[in-house]
Amino acid sequence: KVRGSSETQISVTFSLDEPGTAYCRATRQDSGETSLSINRILKADHKLIYTAANLAASDKVTLAFDKIEGDDTETLTSATLYDVYCWAKDATLQHSCRAADVTEKSICETFPRPVGQPQSYVDTPFGATAPLHCTGAACAGGKVSTVRTQDSTPPSIIFVEAESTSETTITITLQLTEPGTAYCGASTSVLTSTTYTAFKALVVGGSGTPSFATFRNFVTSFSQTYRNFDITVTHLTPETQYYLYCMAEDDEINDAALVDLDAAEAQASPGSNNAMSSPQQMGVGTVVTLDLTPPTLSITNVVSTQESVATVTTSLNEPGTVWCMGVRDRFDAPTINQIIAANNFNQGTGSAPTITVEVTALERDTSYDIYCFARDEGTTTGATPNNSPNPGNDIPYSMVIALKRDVHTRGDSTPPALCTTNTVVSGTTCVNNGLSPAHGATGVDTTAPFTLTLTFNEDVTHGGAASELKFEYTDPASSGTAGDLTVDLDTPGAGATVQFTNNVLKITLDPSLAATTPGAGLYYVTMPAGSVADLRGNGIPANFFADPLVRPQSTDANAGGGAYYFTVTMPR
């Protein structure tokens, strides 16, 4: 019989019906050779002598070889099919005598004269049918086809790539170095001590609940080795990081059936395939399943607290960005691109962020429809930057329409301010930024009735009981103050008059009241917050004159660090 006795060796077990020598040589079955000449068999130099003692004992002897030819440097290949060609010759001796000279009667010699099998024997199959061993007449020839070397090594897995192809699947692309089965799984944590048996049990229905999903694929022939195949792991959780593990086993149980395993000689079939001892992690790091689901957008409040602004309070069920836009009531709804182009947006982080968006550039006291659009961050990979495989998931336009909210912008909410030089207010051109005397004026005469005039950018009135205007005198010759004068804009008192005319406020002091103050020096004027208001009740802010938006800051320390001031010439 002929069999693969190891991964790199073929053994030919034989007996001869007379003493002789057997020669054998193998050739790969995929080489295309269908015949082998006797000279090539002899050249391989794989031979074994069958002696007379072997014949007497009816021995079966074994010729083993691990190369195609004896002087090759490479051994036979494991798990490979070979055709084996054998040829034999006997050990016949020829005795010959011839006449000698007159001193001898004859000369006799003995030399080998072997008789070998013909070429037709080499080309004739050995045994009619499997198994590949025979006795007697069944051993018809010296050609044994489909002799397979053994395989005791697990296949190797070649990792090509892995990617998530949906929210709940990861596809792993692999290659195997020999026919077999690959098993792959995804785990949210690093596997530390999982064995091959436990790993495979998750696939083939072993006991226990799998801690991760596992799937497999088959490579059925050598023509499929070193070629890409996919294993898709399913039933995963969206937007979750997974470690990928694969194992493989060959199909040695099936392939070994191609060789003659004689039970009578205790050559039992292998009880299991060759398998990797533990799972192998695929790639570096983790693969994140995709997030392909749009966020859920809710609008909890829309309010206008300023004339041209509507504040929209929204919430998402995941991190993302919200854009909002206002259009006049009952106008056509904007497209998503128009909402984004309006550039009113804000971003939110965390699992359920509350996102506030201010919609600007609105008209005051006007009804608007507010439309909002949202997009999440796509798949969160955990890297910095995120490098999401998808740029983000958009809510559908139908949700944009369904979430429309109404708002009416606030009316006049802007406090009055002094007019700006050269602007026209109520038909009059503004001068000195609405101040008379002008800010920083010198030589102001307070011996005659003195009038302080403030011109605003809109109609004004007194702001309430606490609305008072204060004149404070600073003597440049001393560090103190004296002669402070307070005029209540609601009830000015004796010697003072207060007049609101449209957008003009006039405060007049008669000479007797003005004379109660010291002589020449600096006067600076202050008005508390809300002392003057427009007709909608919007009061002036605190530090009204010192506000750089209202009046340039003064650098004169004696003038109170920025208040409205002027210099008077009234003698002491």
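It should be emphasised that the depicted structure is a prediction, and the values quoted were computed from it without experimental measurement.

### Some remarks on the nonpolar core
Formed by 26 residues in total, the largest nonpolar core has its most connected members in L297, V312, V322, C324, I339, I370 and C372. Contributions of two or more residues to this core are made by β18 (297–306), β19 (309–316), β20 (320–328), β22 (354–359) and β23 (367–376). Membership of the second largest hydrophobic core comes to 23 residues, among which are F450, L469, F471 and V525.

### Structural notes on the state of the cysteines
For the structure shown, the criterion picks out five disulfides. With a sulfur-sulfur separation of 2.0 Å, C24 is cross-linked through a disulfide to C86. Taking the sign of the S-S torsion, 110° for the link of C24 and C86, the bridge is right-handed. A residue pair is termed long-range when its members are at least 10 positions apart, and C24 in strand β3 (residues 20–28) and C86 in strand β6 (residues 81–90) qualify at 62 residues. Classification of C24 by relative accessible area gives buried; the value is 1%. Here C184 is linked by a disulfide to C246, with a sulfur-sulfur distance of 1.9 Å. Linking C184 and C246, the disulfide has an S-S dihedral of approximately 110° and is accordingly described as right-handed.

### Notes on unusual backbone geometry
With the exception of glycine, most residues fall at negative phi, and the peptide bonds are largely trans. A cis geometry characterises the amide bond from S436 onward to P437, with omega recorded as 0°. One can find P437 in the loop between β27 (435–436) and β28 (450–455). At E239, a residue that is not glycine, the phi angle is positive and equals roughly 50°. With a phi angle near 70°, R330 is a residue other than glycine that sits in the positive phi range. Tracing the chain through its elements places R330 in the loop between β20 and α6 (336–341).

### Notes on the sheet that holds strand β11 (residues 170–176)
Read across the open sheet, the three strands follow the order β10-β11-β14; overall the sheet is antiparallel. Whereas interior strands pair on both sides, the edge strands pair on one side only; in this sheet they are β10 (157–164) and β14 (229–233). Pairs of neighbouring strands in the sheet enclose a mean axial angle of 25°, with direction left out of account. Where β10 meets β11, seven bridges bridge the pair, whose relative direction is antiparallel. Residue pairing for β11: I158 is matched across the bridge by Q175.

### So, the side chain of N54
You can see N54 is positioned in helix α2 (residues 52–57). Using a relative accessible area of 15% as the deciding quantity, one classes N54 as buried. Beyond its immediate chain neighbours, meaning those up to four positions away, N54 contacts I49, D59 and V61.

### Remarks on the pairing of strand β32 (residues 496–501)
With six bridges joining them, β32 and strand β33 (residues 504–509) adopt antiparallel strand pairing. Within β33, the residue paired with F500 across the bridge is L505. The antiparallel hairpin formed by β32 and β33 contains two residues in its connecting segment, where N502 sits at a positive phi of about 55°.

### Points about the side chain of D151
Note that D151 resides in the loop between β9 (143–148) and β10. For the buried D151, no salt bridge is present, and the opposite-charge side chain at shortest range is R148, 4.6 Å distant. Within the local environment of D151, its side chain forms a polar contact with the backbone nitrogen of T153, the two atoms lying 3.0 Å apart. The contact partners of D151, leaving out residues within four places of it in the chain, are E7, A79, E178, D250, E252 and N274.

Conventions adopted
Residues numbered from 1 in each chain as written. Predicted model: local features only at pLDDT ≥ 70, side-chain atom pairs only at ≥ 80, totals over all residues. Heavy atoms only, no water. Core = buried A, V, L, I, M, F, W, Y, C linked by side-chain atoms within 4.5 Å. Buried < 20%, exposed > 50% of the residue type's maximum accessible area, 1.4 Å probe, protein only. Helix = DSSP H or I, 4+ residues; strand = E, 2+ residues; numbered from the N terminus. Disulfide = S-S within 2.5 Å. Pairing = 2+ DSSP bridges. Axes fitted to C-alpha atoms, helices over the stretch in contact; angles between N-to-C directions. Contact = heavy atoms within 4.5 Å. Lys, Arg positive; Asp, Glu negative; His and termini not counted. Salt bridge = Lys/Arg side-chain N within 4 Å of Asp/Glu carboxyl O. Polar contact = N/O pair within 3.5 Å; in protein donor to acceptor, adjacent residues only side chain to side chain.

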